[in-house]
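Chain by chain, the residues run as shown.
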Amino acid sequence: MTSPNRYFELFFRAFKLSHPMRLAMYGAVVGVISGIGAVLFFYGLEWTTHTLLGTACGIPPVVPAGEQLFPEAAPGETRRWLYFILPTIGGLLSGFLVYRYAPEAEGHGTDAMIASFHHKRAIVKPRVPLVKVLATLCLLGTGGCGGREGPTAQIGSGFGSWFAQRLHLGVKKRQILLLAGVGGGLSAIFRSPLGGALTAIEVLYKEDMESEALVPTVISSVIGYTIFGSVYGYGKIFEIPAFTFHRPAELLVYLALALVCLPAGMLYVWLFHSTRDRFFRPMKIPRFLKPALGGLLLGIIGLVLPEVYGSGWGQVQLALLGKLGLGTMALLALAKMVGTSLSIGSGGSGGVFGPTLVIGGMLGGTVGVLGNMLFPELVTQPGAYVLVGMAAFFAGVANAPIGALVMVSEMTGGYALLAPLLMVSMVALLLSRRWSIYENQLTDRFHSPAHMGDLITNVLAEIRVSDCFRRTRGIQVFPSSTRLDALPDGVFEAETLMILVTGRRGELIGQVSGERLRSVPGSAAMQHLLILFDVMDRYRAVEEDQDLFSVLADMRRFQQRVMPVAGADGSILGAIRLDDIMDAYAREVVARKSVAAEDEDEN
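Residues numbered from 1 in each chain as written. Predicted model: local features only at pLDDT ≥ 70, side-chain atom pairs only at ≥ 80, totals over all residues. Heavy atoms only, no water.

*Asks:* I'm lost on the environment of Lys290 in this one. Help?
*Replies:* Its location among the elements puts Lys290 in helix α11 (residues 290-304). Since its relative accessible area comes to 7%, Lys290 is described here as buried. In sequence terms Lys290 and Ser343 are 53 residues apart; their C-alpha atoms lie 9.3 Å from each other. With residues near it in sequence (within four places) discarded, Lys290 still touches Phe280, Arg281, Met283, Ile285 and Ser346. At 3.5 Å, the side chain of Lys290 forms a polar contact with the backbone oxygen of Met283. (Helix = DSSP H or I, 4+ residues; strand = E, 2+ residues; numbered from the N terminus. Buried < 20%, exposed > 50% of the residue type's maximum accessible area, 1.4 Å probe, protein only. Contact = heavy atoms within 4.5 Å. Polar contact = N/O pair within 3.5 Å; in protein donor to acceptor, adjacent residues only side chain to side chain.)

Take a look at the structure:
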């Protein structure tokens, strides 16, 4: 069966596309699937929530203005007992699906994606996204506390990984397409094309971002967002008043919000990890029962504060519009920390990004209302603090400020608050570098096993074939049907670099070196019987803009010391030898040592 990569290669060669353009095309394909996956998951989640909580329990959940898919249920019988027990049932179903079919889908999916990028060569088992989606529908659709970004991230990352494997792409490209899938899923489900892309490449590290994946991830994000918007509309998720920022002194109150986010973030991270590691994991009961226990404990909290159920985005909408009281917001911030720790920390399937935004929004609303009470002439729009708190809290607990603040701006349209958003997010980030809700997040790319090779091979990776290959000298072309005894004597000489072999239609299909020809038995009968097709190696040209490290890898793979060099149009420009690579490496090392010595002398 012909590999799908063959068809892509033919397309790329026909349109003379470079490597960056090829990755961009791959990113577009991944974005299509990520967008479709987000569309289906979102509908399934909203339908499940509407049917179980709204229709069956008679307690319809509050939803933000931009996500009202179903009409509000008509007043009817309220079944409090079912409302109480539903999270337990959802946890039981979620736990069964996860531990029976894909234990890798346990917990929050974004952290699993980060681990796959750093430690698992970006390989995601195909069943994981499907199990993650079904398990999350069971958990969140029954009122469990969690976010919907985990499943959409795993849908996209799972397809990106599978797609790269089907095309037999290398580890680096597979990692890039994994991130492209994450960006496509996040951008679709949050209607945030830029924020989703930035979050995908930023959340891997505390002090870095995967910039090499930016272009394919942005393209995937735009495609995913466009597909999602074409089905559900392109409006903002949240409706907000016309927030403004025009009082410099108000930055002091916003600074107080950043200081509030610091201990709250510490508490949230500690509570989440402690609930999982010290409470649920040591428990001597079957693992699939633990999410059910988490759901039962959540139901007890819901008896006192029913707003703790579900994603909480409806409560954020009310807070943005100034319809939640001070006590409710403060209590809900703490309840969401506990509820998310119970639902996800018990092994239930969901995300932590969404709850983190809700907690930050409630903290921001609390500070905003208090500021309005203490300084009514200065803090005139308490709802604005809800918006700023969403981004600031996530920046602190996830060490990912840029993507979060852009995403919150795109979700709400609150671009007028960009100045306080930036300041509060950066202060929260600076004060909370030592912890993260994502355990697999690393400091920077130099600490990542995915970039371990960069520390050793960075010199070759920075040199291009065009800098050192030999143009056309010593290359000859013959049809594959040419008998060896019909070859000119010159091709057997030592100075001949290689012979390229063409097929029936004149296309290049292989290569053979003079050394290989000289190793053929020299009897006249043998030379008469053999043709070039019998002794050639399969054709593999390197490209003019390719780096020397990847060329060296190709040489090892194909066991060649000499390889032809192709231009953008596919024509053969020359050849590159192993000696050429070694010479270029030596020159670069000498040059770098010289520069370093000059810098040392100047200092």
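*Asks:* What is the right way to read the sheet that holds strand β3 (residues 470-471) from this model?
*Replies:* Sheet strands pair via backbone hydrogen bonds, and the direction of the pair is either parallel or antiparallel. Taken together, the four strands give an open sheet; going across it, the order is β3-β10-β9-β8, and neighbouring strands pair in mixed fashion. The open sheet terminates on both sides in strands that have one partner only, identified here as β3 and β8 (542-543). Where β8 lies against strand β9 (residues 562-566), two bridges are found, and the strand directions are parallel. Across the sheet, the residue bridging to Glu543 is Ala566, located in β9. (Pairing = 2+ DSSP bridges.)

*Asks:* Help me understand the packing of helix α12 (residues 313-320) against helix α14 (residues 353-374), please; the structure alone is not making it clear to me.
*Replies:* The angle between the axes and the distance between the axes are what describe a pair of packed helices. Across the interface, α12 lies against α14 with an axial gap of 10 Å and an inter-helix angle of 25 degrees. By the angle between their axes, α12 is roughly parallel relative to α14. For α12 against α14, the interelement crossing comes out left-handed. On the side of α12, the interface is formed by Trp313, Gln315, Val316 and Ala319, while α14 contributes Gly354, Leu357, Val358 and Met362. (Axes fitted to C-alpha atoms, helices over the stretch in contact; angles between N-to-C directions. Parallel < 35°, antiparallel > 145°, perpendicular 65-115°, else oblique. Left-handed = near helix turned anticlockwise from the far one by under 90°.)

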